[in-house]
Amino acid sequence: MEVVDSVRRQGRSLSQALPRAERQLAAGPPRALLRERAYGLLRYAPRLDAWLDALVTQPLRARDAPVARLIQLGLYELFFLRTPDYAAVNEAVALAGRLGRPWAARLVNGVLRNAQRREAELTALTARVDSARLAHPDWLIERIRGDWGDAAEAVFAANNARAPMTLRINRAKTDIETYAAMLRTEGIGAKAGRHAPDSLVLAQPVDVEALPGFRAGWVSVQDEAAQLAAGLVAASPAHRVLDACAAPGGKTAHLIERAGGTLDITAVEIEPDRLARVDDTLRRLDLSAHLLAADAGMPRDWWDGRAYDRILLDAPCSATGVIRRHPDIKLLRRASDIAGLAERQQALLEALWPLLAQGGRLVYATCSIVPDENQRVIEHFMRNHADATEWPIVADWGRAMTHGRQILPGEDGMDGFYYACLLKAPT
Ligand SMILES: C[S@@+](CC[C@H](N)C(=O)[O-])C[C@H]1O[C@@H](n2cnc3c(N)ncnc32)[C@H](O)[C@@H]1O
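From a predicted model like this one, the values you see are computed outputs, not experimental measurements.

Analysis parameters
- Residues numbered from 1 in each chain as written.
- Predicted model: local features only at pLDDT ≥ 70, side-chain atom pairs only at ≥ 80, totals over all residues.
- Heavy atoms only, no water.
- Helix = DSSP H or I, 4+ residues; strand = E, 2+ residues; numbered from the N terminus.
- Buried < 20%, exposed > 50% of the residue type's maximum accessible area, 1.4 Å probe, protein only.
- Contact = heavy atoms within 4.5 Å.
- Near = heavy atom within 4 Å.
- Polar contact = N/O pair within 3.5 Å; in protein donor to acceptor, adjacent residues only side chain to side chain.
- Pairing = 2+ DSSP bridges.
- Axes fitted to C-alpha atoms, helices over the stretch in contact; angles between N-to-C directions.
- Domains from an automatic or database assignment.
- Buried area = accessible area lost by both parts, 1.4 Å probe.
- Salt bridge = Lys/Arg side-chain N within 4 Å of Asp/Glu carboxyl O.
- Nonpolar A, V, L, I, M, F, W, Y, C, P; charged D, E, K, R; others polar.
- UniProt positions renumbered as here; feature names shortened; annotations may be inferred.

## Describing the environment of Tyr308
Looking at where Tyr308 falls in the secondary structure, it is placed in strand E8 (residues 308–314). Looking at Tyr308, the relative accessible area reads 2%, which means it is buried. Remark: the alpha-carbon pair of Tyr308 and Thr266, spanning 42 residues in sequence, is separated by 9.6 Å. When neighbours within four sequence positions are excluded, Tyr308 is seen to be in contact with Arg240, Val241, Leu242, Thr266, Trp302, Trp303, Leu355, Leu356 and Ala357.

Listed below in structure tokens is the structure:
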């Protein structure tokens, strides 16, 4: 369970830690099992922590974290996956033998056997303690309840659910009906998404390599909520476009696909190795863009002085709208991160506004459900920029906020996302 430990103890993200561990395993069932366990242990970490505390007489020392993880793996197998008792306990005990802590095998065995006897007590504990019941840290529970009131319970449930696999059809190469028929031929069930016109939601996740034409760029994997960006930016070949925070390039590619396959678009990304992922994305799809490894907040270092007709600012954020896809966020994010993120978002917006042409449109997006990162950023910005007007998003997805529109996780099967559109008044 090194994946879970590297998230919990070294603060690494699951998307960094998991691929590394997956490469050491054969493709197919062994990797699927690793994913299931890593996601499960992170998704339910607050509940598994509460259970572990109740089951051990003395807290385990920090250096014995691998033993704690092993017990939690056994608990997850027993009570979530309902693996037969003997198999779950025996496996955990066998793994304990390999940890180089001879005492661990007995402890793991004892705690798991005890857990089976005390299942009713663990169930009562779950019902009594919010962080265990909702499997979220206390600060986030408080925040989500404070911000979303009656909708909060649905948000918690959606954050703990498995996300669907949604495809984006490359309309420069195929169309929804043709591609859905190709999927059917391969025995893959799919239905068109409700809101994003290029989306197909799969009945079951599949390996991307099993998708017809994936290597040839007919299709990409992207949640329906993220696909809404392209419709809002509405870039055409007549426009000069900036995608300010571009990696891994899903939205850059979609903007080009929607424009018919060619677009004058510059994709800026601050992390060079992440910019390489934009390049990979575009190569697979046979698309091109001007790629820049640069700080979008420091345009004087890279801007050529020619205004953009469209700017997409898909800002770095708390990612609280995509917890179902990245359960590590529950453990990595802190309440104190939010103010700093809001400052960065504000600074990016300020820095990019002068680059927008008069009459041009800027789309501000986050995968956050925290109002401080969303409508409050826009509200603050508009208060200080008389040349900014809001273009109200009229849509049947999400909900209208004081500024912009918010989708909560799970609504119509989508990730949580926020969008606002700003227009620059001609002078
Ligand atoms: C939400 S992700 C963008 C997702 C992307 N638009 C897509 O659809 O694939 C935010 C990205 O912004 C990058 N970033 C953060 N601060 C930045 C800055 N000051 N300038 C440019 N990129 C930045 C992060 O490294 C990250 O890759």
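## Some remarks on the site of the ligand
What surrounds the ligand is a group of 20 residues, the closest being Glu269, Arg274, Asp295, Ala296 and Asp314. Note that an oxygen atom of the ligand is positioned 3.4 Å from one of the backbone N or O atoms of Pro248. At a separation of 2.8 Å, a nitrogen atom of the ligand approaches a polar backbone atom of Ala296. For the shell around the ligand, the secondary structure elements donating two or more residues are helix H14 (250–258) and helix H17 (337–352).

## A closer look at the sheet that holds strand E2 (residues 190–192)
As summarised here, the arrangement of the four strands in space is E2-E3-E1-E4, forming an open sheet in which the pairing is antiparallel. For this open sheet the edge positions go to E2 and strand E4 (219–221), each flanked by a neighbour on one side alone. Here the strands of the sheet are splayed against their neighbours by 30° on average, with no regard to which way each runs. Both strand E1 (residues 166–169) and E4 contribute to a ladder of three bridges, which runs antiparallel. Paired with Arg168 across the bridge in E4 is Ser220. Relative to the sheet, H14 contacts E1 and E4, its axis offset from that of E1 by approximately 35°.

## A look at the domain arrangement of the chain
Per the domain assignment, the segments of the chain are domain 1 (2–133), domain 2 (166–221) and domain 3 (224–424). In this structure, domain 1 and domain 3 have C-alpha centres spaced 37 Å apart. Carbon and sulfur atoms make up 67% of the area that domain 1 and domain 3 hide from each other, which totals about 760 Å². For domain 1, the biggest contributors to the area lost against domain 3 are Tyr39, Leu42 and Arg43; these three give 45% of the whole. For the pair domain 1 and domain 3, the number of links is zero salt bridges. Linking domain 1 with domain 3 are three residue pairs in polar contact (both at pLDDT 80 or more), by the criterion used here. Listed by contribution, the elements that provide at least two residues to the side of domain 1 that touches domain 3 are helix H1 (2–8), helix H2 (14–23) and helix H3 (29–43). With three residues, H3 is the single largest residue contributor to the side of domain 1 that touches domain 3. Taken together, the residues of the side of domain 1 that touches domain 3 break down into five nonpolar, three polar and three charged.

## Re the pairing of strand E13 (residues 417–424)
Counting buried residues in E13 gives seven out of eight residues, a clear majority hidden from the surface. Here strand E9 (residues 356–366) runs beside E13; their pairing, made up of six bridges, is antiparallel. Across the sheet, residue Arg361 finds its bridge partner in E13, namely Leu423. Inspection of the sheet shows strand E10 (residues 388–390) paired to E13 by three bridges, in the antiparallel sense. Directly across from Glu390, in E13, lies its bridge partner Leu422. Taken together, the three bridges between strand E12 (residues 405–407) and E13 define a ladder with antiparallel strand orientation. Within the sheet, the bridge partner assigned to Ile407 lies in E13 and is Phe417.

## Overview of the pairing of E8
Side-chain positions along a regular strand alternate between the two faces of the sheet. Extensive coverage of E8 is indicated by the burial of six of its seven residues. The pairing of strand E5 (residues 240–243) with E8 spans three bridges and is parallel. Bridge pairing links Asp243 to Leu312 in E8. With six bridges connecting them, E8 and E9 associate as parallel partners. Opposite Leu312, over in E9, you have Val363 as the bridge partner.

## Here's the deal with the side chain of His385
Secondary-structure assignment places His385 in the loop between helix H18 (375–384) and E10. With relative accessibility at 13%, the residue His385 sits in the buried group. Apart from the residues within four sequence positions on either side, His385 is in contact with Glu350 and Trp353.

## Thoughts on the UniProt feature "binding site: S-adenosyl-L-methionine" (unreviewed entry) in the chain
Taking the numbering used here, the UniProt-annotated feature "binding site: S-adenosyl-L-methionine" (unreviewed entry) corresponds to Cys245, Ala246, Ala247, Pro248, Gly249, Gly250, Lys251, Glu269, Asp295 and Asp314. With respect to the helices, strands and loops of the structure, Cys245 is situated in the loop between E5 and H14. Exposure remark for Cys245: the relative accessible area of 18% places this residue in the buried category. Setting aside its immediate chain neighbours within four residues, Cys245 contacts Val268, Glu269, Leu313, Asp314, Pro316 and Leu348. Structurally, the position occupied by Asp314 is in strand E8. Excluding residues within four positions of it along the chain, Asp314 makes contact with Cys245, Lys251, Ala365, Thr366 and Phe417. Here the side chain of Asp314 touches Lys251 through a polar contact of 2.6 Å, side chain to side chain.

## Points about helix H10 (residues 138–148)
Within an α-helix, residues lying three or four positions from one another point in the same direction, as the helix has 3.6 residues per turn. Listed as buried for H10 are Trp139, Leu140, Ile141, Ile144 and Trp148. On its buried face, H10 is in contact with helix H9 (130–134), helix H11 (152–160), H17, strand E11 (399–400) and E12. Positive backbone phi, approximately 45°, marks Gly149, located one or two places after H10.

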